[in-house]
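# Summary of structural features
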Amino acid sequence: MTGYTATVTVRLKHGVLDPEAETTQRALERLGFELADLRAADRFEIDLSAEDEAAAEERAGEMAERLLANPTIHDFDVEVTERE
Amino acid sequence: MSVAVLRFGGSNCDRDAVRALADVGVDAELVWYKEGLPADVSGVVIPGGFSYGDYLRAGAMAAREPIVEEVRERAGEVPILGVCNGAQIGSEAGLTPGAFTVNRSARFQCEHVHLRVETTDTPFTAAFDAGDVISLPIAHGEGRFETESEAAYEELVAEDRVLFRYCDADGNVTDEANPNGSRGNVAGVVGEDRTTAVLMPHPERATLADLHAGTDGRGVLEGFA
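A brief look at the structure comes next. Nothing here was measured: the structure is a model prediction, and the numbers come from that model. The residue numbering used here restarts from 1 in each chain and proceeds along that chain's sequence as written. Each chain takes a letter, starting from A, and each ligand takes a number, starting from 1, following the order in which they are written. Selection of residues for local features in this predicted model requires a pLDDT of at least 70, selection of side-chain atom pairs for listing and counting requires 80 or more, and totals for whole chains, interfaces and linings are taken over all residues. Side-chain descriptors were evaluated using all non-hydrogen atoms of the structure, hydrogens and water having been removed beforehand.

### Structural notes on the overall build of chain A
In plain terms, the rule: For the purposes of this entry, the term helix denotes a DSSP run of H or I that reaches at least four residues, the term strand denotes a run of E that reaches at least two, and both are numbered from the N terminus. For the radius of gyration, the atoms used are the C-alpha atoms, and the globule rule reads 2.2 Å times the number of residues raised to 0.38. Accessibility here uses a 1.4 Å probe with only protein chains present; expressed as a share of the type maximum, an area under 20% marks a residue as buried, one over 50% as exposed, and anything in between as partly exposed. Should any heavy atoms of two residues lie within 4.5 Å, those residues are counted as being in contact. Using the Shrake-Rupley algorithm and a 1.4 Å probe, accessible areas are obtained, with residue cover drawn only from the displayed protein chains.
Looking only at helices and strands, one finds two helices and three strands in chain A. Put simply, chain A runs from its N terminus to its C terminus through helices and strands in the order β-α-β-α-β. By the compact-globule yardstick of 12 Å for 84 residues, chain A is too spread out, its C-alpha radius of gyration being 16 Å. Seen along its three principal axes, the alpha-carbon backbone of chain A occupies a region of about 50 × 30 × 15 Å. Across the 84 residues that make up chain A, the buried fraction comes to 33%. Excluding contacts between residues fewer than 6 apart, the proportion of contacts in chain A whose partners are at least 24 apart in sequence is 76%. Roughly 5,700 Å² of accessible area belongs to chain A as shown, and the carbon and sulfur atoms make up 45% of that amount.

Written out as structure tokens, the structure reads:
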């Protein structure tokens, strides 16, 4: 078994309104920053042990499907790196 | 036989629901989520509150508790109603379609709203006539109804599965009367079985006449009678 960190990023599907991101963007603009758009996402860093990278990715993907993301409004992606 | 009102850590409308149900003549009891669902329930209320502190997403954690699986097994046999956080739990669990997410205002909103009755073909709206305008309170930060697509929304409408829409005092469904940005001003929906429903407004807070919040919620809770 090898130690991995699976990073799951959960974001709203394209076109779904994100009022918190809009509020954050307005706050940045009030601070004088110029920006065209801002998107927010949730990132989960999951340390786990697995047979190989594919197995780690599959398990993290199941976690996203069953809890971390809501498929009605979210997309997600998984990146796996070997832990030191 | 009585209605089970589920109680999770963070539920806070559970006792209100029991009291309001009693007022419409329905026997109800609190059920701590770890105890499991009694075998002889005549209905289930998933009440409002802030289960698991709304961590991750409102309702996400409670929706994965074993008692919700037991509720799912009874769907279609007994009436099931999720209110506010209970609606979020019900949709997170897939008991009903769609999702409730952050209000358009990005704020928690606590106010009285008008609702137009859409379908009357559910236990929770059978007491009304289609087009009736009723008033109930809302109190939520994540109540904006969303579907996975416009087509999914249109399918719900075509199947007559919208309980209520937010409207003005005259029953006009307008953007101004939409408190949270819900798609189609939808405030509640019913599952395919037509007896499992969720809604963000609080019928139990508008049932007891001496609370002076109106009594329009009675008709919803009479769905358990």
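### Thoughts on helix 3 (residues 85-92) of chain B
Residues and elements named next belong to chain B. Burial analysis of helix 3 places eight of its eight residues in the buried class, which makes it a mostly covered element. When helix 3 is considered as a whole, its buried residues turn out to be N85, G86, A87, Q88, I89, G90, S91 and E92. Check the buried side of helix 3 and you find it contacts strand 3 (43-46), helix 2 (66-74), strand 4 (80-83), strand 5 (99-101) and strand 11 (196-199). Directly beyond the C-terminal end of helix 3, a positive phi value near 75 degrees is found at G94.

### Quick word on the nonpolar core
The test is simple: In these notes, a set of buried Ala, Val, Leu, Ile, Met, Phe, Trp, Tyr and Cys residues joined through side-chain atoms within 4.5 Å is what counts as a nonpolar core.
Counting 41 residues, the largest nonpolar core has B:L21, B:L81, B:L115, B:F164 and B:F224 as its most contacted members. Counting residues in hydrophobic clusters, the runner-up holds 19 residues, among them B:L6, B:V71, B:I89 and B:A93.

### Focus on the interface of chain A and chain B
Heads up, the rule is: Accessible surface is computed with a 1.4 Å probe, and the buried area is the amount of it that two parts give up when combined, taken over both parts together. Put simply, a salt bridge is a Lys or Arg side-chain nitrogen that is within 4 Å of an Asp or Glu carboxyl oxygen.
Each side of the interface is counted separately: chain A has 15 residues, and chain B has 16 residues. Both sides of the chain A and chain B interface together cover about 1,200 Å² of buried area, and 62% of this is carbon and sulfur. For chain A, the biggest contributors to the area lost against chain B are A:P19, A:L67 and A:T72; these three give 38% of the whole. At the junction of chain A and chain B, the tally comes to zero salt bridges.

### As for helix 1 (residues 19-30) of chain A
How we decide: How far a helix is expected to stretch is found by multiplying one less than its residue total by 1.5 Å. Here, the arc refers to the directions that run from the helix axis to the C-beta atoms.
Counted at 1.5 Å a residue, the expected span for helix 1 of chain A with its twelve residues is 16 Å, and the 16 Å between its end C-alpha atoms agrees. Within helix 1 of chain A, burial applies to A:P19, A:A21 and A:Q25. All buried residues of helix 1 of chain A project into a common sector of 160 degrees when viewed along the axis, lining one side. Contacts made by the buried residues of helix 1 of chain A are with strand 8 (144-146) of chain B. Residue A:G32 follows helix 1 of chain A closely and has a positive phi angle near 100 degrees.

### Some words on the pattern of salt bridges
Enumeration according to the criterion identifies 19 salt bridges over all chains in this entry. With its nearest N and O atoms 4.0 Å apart, the salt bridge here joins A:D47 to A:R83. A residue pair is termed long-range when its members are at least 10 positions apart, and A:D47 in strand 2 (residues 41-50) and A:R83 in the segment after strand 3 (74-82) qualify at 36 residues. According to the relative accessible area criterion, A:R83 is partly exposed, its value standing at 37%. With its nearest N and O atoms 2.7 Å apart, the salt bridge here joins B:E92 to B:R64. Placement of the pair is B:E92 in helix 3 and B:R64 in the loop between strand 3 and helix 2, with a sequence separation of 28 residues. In this structure B:R64 comes out as partly exposed when scored by relative accessible area, which is 33%. Here the salt bridges do not stand alone but share partners, grouping B:R144, B:E146, B:E150 and B:R183 into one network.

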